[in-house]
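Close look at the chain arrangement
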Amino acid sequence: MRRPRKVLARLLCITAMLTAMLTGGLTAAATGAQAAVPDKWGFAFVDTTSGIPDPTHQAGSWSAGSTVTVSPGVIGEVFVRFPGIGVSPSRVDPGVAHVTAMGQTAVWCQIEKYGAVGTDEIVAVRCYTYGGRPVFTPFAITYASSTGPLPSPAALGYLYWDGSGLAASYNSTGSANTVVPSLSPGVWTVMLNGLGPARASGNIQVTAVDSSVPAHCKVSTWSPSSSGQKISVRCFDAVDAPLNTGWTLTYHNERAVTGGAIPPRNFAYTFDNDPANPGPYTPVPAGVTFNSVGSFNEIQTAGFGLRLVTFHKVGVLPDDVQVTAYGRGPAFCNLLARWATYGNEVTVRDVACYEGGRPVESASMVTYVSAY
């Protein structure tokens, strides 16, 4: 079916604006916190290629009555417009976005590009099956921009590596974030200096950013110390070969993945660091699983390569879930179905992980955030 000319013109305009902004408007950033301005954030569950996605799973720091809208691009591509939270390209820090696919097979979603168009923030997302075939599949998406310090023990750091340098960087201590590429393709060492406790505590989310080729990224290793959080990121192509590409990373400890000087009352995260454990179990050490209302989180098997995750007493709509695989191999994880929020319980049924296009038992990091 041919697209109407007005729709094509609009999509080309959006793409041109984003391309111009990303190639000319973002400057490399190594330092983090700046003078405090209002934090901006938003999330959505995108279950359509056009119009307004699921209204029960979208929220943000925009004005009342505004909504997230989406527009289709080429096959598997969706432009997500967050109203009123665009960060001016003249600022060093353009924020950070993450996306997690939902599907019944080995499918992932990646960011192609993102940035402000007027007062809105637009994130271009494209999804692929294993092997690199573009396809639309529903996905959960977050965007956040933060400035200023946070009171301890809260800690938040994020960055956007655009393939050659830091295009975005924030550290709630005001210290620098650094990235060192490895001599091996598809491997980087991240140092979030001075951030977080010197023990395993918090959660990490990583998303590939590439507008040219299919790519998926993950956390490979994590080494907290008194110097900060040392994290290794690995990325792979459509058939799991190492790939040099762009990516975003967020580390958050006792703070929601969306950041904010005043966090929502309801958020949680956990680290399934023992995927062979049939459960139900609560991961250890205690710092890698957090529940903001003082309850607990638990994980159990739901079949080979499937993990049922429950965040107790913390669920309030609207809300969002993000998942990132952990480990040295090329496994990636998605959501088998949309999570359920009922009676303050959040049931993620299930986190599904794949390698070589087939289910695999893999460690993963899961984070939950409510608007309230």
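Structure: see above.
Residues numbered from 1 in each chain as written. Predicted model: local features only at pLDDT ≥ 70, side-chain atom pairs only at ≥ 80, totals over all residues. Heavy atoms only, no water.

Remarks on the overall build of the chain
Basically, it comes down to this: To qualify as a helix, a DSSP run of H or I must reach at least 4 residues; to qualify as a strand, a run of E must reach at least 2; elements of each kind are numbered from the N terminus. Relative accessibility thresholds used throughout: buried, under 20% of the residue-type maximum; exposed, over 50%; partly exposed, between the two (1.4 Å probe, protein chains only). Here, residues are in contact when the closest pair of their heavy atoms is within 4.5 Å. To measure how exposed things are, a 1.4 Å probe is used in the Shrake-Rupley method; for residues, cover is taken only from the protein chains shown.
Each helix and strand in the chain was counted, giving one helix and 26 strands. Going through the 372 residues of the chain one by one, you find that 59% of them count as buried. When contacts within the chain are restricted to residue pairs at least 6 apart in sequence, long-range pairs at least 24 apart make up 66% of them. Within the structure as shown, the chain displays about 13,900 Å² of accessible surface, and the carbon and sulfur contribution to it stands at 57%.

Concerning the nonpolar core
Across soluble globular proteins, nonpolar side chains show a tendency to be buried alongside one another. We count it as follows: Definition used in this section: a nonpolar core is a set of buried Ala, Val, Leu, Ile, Met, Phe, Trp, Tyr and Cys residues joined via side-chain atoms within 4.5 Å.
Formed by 27 residues in total, the largest nonpolar core has its most connected members in V190, I204, W247 and L249. Mapped onto this core, the elements with two or more residues apiece are β9 (155-161), β12 (187-193), β13 (203-209), β14 (216-225), β15 (228-236), β16 (246-253) and β26 (363-370). One finds V87, C109, I111 and C127 within the second-largest nonpolar core, a separate group that totals 26 residues.

What about the packing of aromatic side chains?
The line we're drawing: Note on ring pairs: Phe, Tyr and Trp rings are taken, using the six-membered ring of Trp, and paired if centres are within 6.5 Å. Classes follow the plane angle, with under 30 degrees stacked, over 60 edge-to-face and the rest tilted.
Applying the stated criterion to the full structure yields 18 aromatic pairs. Consider the rings of W108 and F332, whose centres lie 5.2 Å apart with planes at 70 degrees: the pair is edge-to-face. Here W108, found in strand β6 (residues 107-117), pairs with F332, found in strand β22 (residues 332-335); they are 224 residues apart in sequence, far enough to count as distant. Of the two residues, W108 and F332, both sit in the buried class. Through a chain of ring-to-ring contacts, three or more aromatic side chains come together here, namely W62, F82, Y114, Y143 and Y160.

Here's the deal with the state of the cysteines
As a reminder, the rule being used: Sulfur atoms of two cysteines make up a disulfide when they are within 2.5 Å.
If you walk through the whole model with that rule in mind, you get three disulfides. Note on cysteine connectivity: C109 is disulfide-linked to C127, with sulfurs 2.0 Å apart. Negative torsions about the S-S bond denote left-handed disulfides, and the value of about 100 degrees found for C109 with C127 makes this one right-handed. Here C109, found in strand β6, pairs with C127, found in strand β7 (residues 120-129); they are 18 residues apart in sequence, far enough to count as distant. With respect to class, C109 is no different from C127; both count as buried. Between the sulfur atoms of C217 and its disulfide partner C235 the distance amounts to 2.0 Å. The chirality of the disulfide connecting C217 with C235 is right-handed, given an S-S dihedral of about 110 degrees. Here the residue C217 occupies a position in strand β14, and C235 occupies one in strand β15, the gap between them amounting to 18 residues. Within the chain, bonded cysteines paired by disulfides and numbered along the sequence follow the pattern 1-2, 3-4, 5-6.

Observations concerning the side chain of H252
The cut-off we apply is this: Polar contact criterion, stated in full: a pair of N or O atoms within 3.5 Å, where within protein one must be able to donate a hydrogen and the other to accept it, and residues adjacent in sequence count only if both atoms are side-chain atoms.
Within the secondary structure layout, H252 lies in strand β16. Assessed through its relative accessible area of 0%, H252 is described here as buried. Only 2.8 Å separates the side chain of H252 from the backbone oxygen of R255, close enough to count as a polar contact. A polar atom in the side chain of H252 sits 3.3 Å from the side chain of T367. Discounting chain neighbours no more than four positions away, the residues touching H252 are A155, L156, G202, N203, V257, Y269 and T367.

Quick word on the side chain of E112
The test is simple: All tallies of charge rest on Lys and Arg as positive and Asp and Glu as negative; His and the ends of each chain are not included. In the sections that follow, a salt bridge refers to a side-chain nitrogen of Lys or Arg positioned within 4 Å of a carboxyl oxygen of Asp or Glu.
Here E112 is to be found in strand β6. There is no salt bridge for the buried E112, and the closest opposite charge comes from R126, which lies 4.5 Å off by N-O distance. With residues near it in sequence (within four places) discarded, E112 still touches E77, A124, R126, V209, D210 and S211.

Here we look at the environment of V209
Relative to the elements of secondary structure, V209 occurs in strand β13. Assessed through its relative accessible area of 5%, V209 is described here as buried. Here the alpha-carbon distance between V209 and G163, two residues 46 residues apart in the chain, equals 8.8 Å. Apart from the residues lying within four places of it in its own chain, the contact partners of V209 are I111, E112, Y160, T245, G246, W247 and T248.

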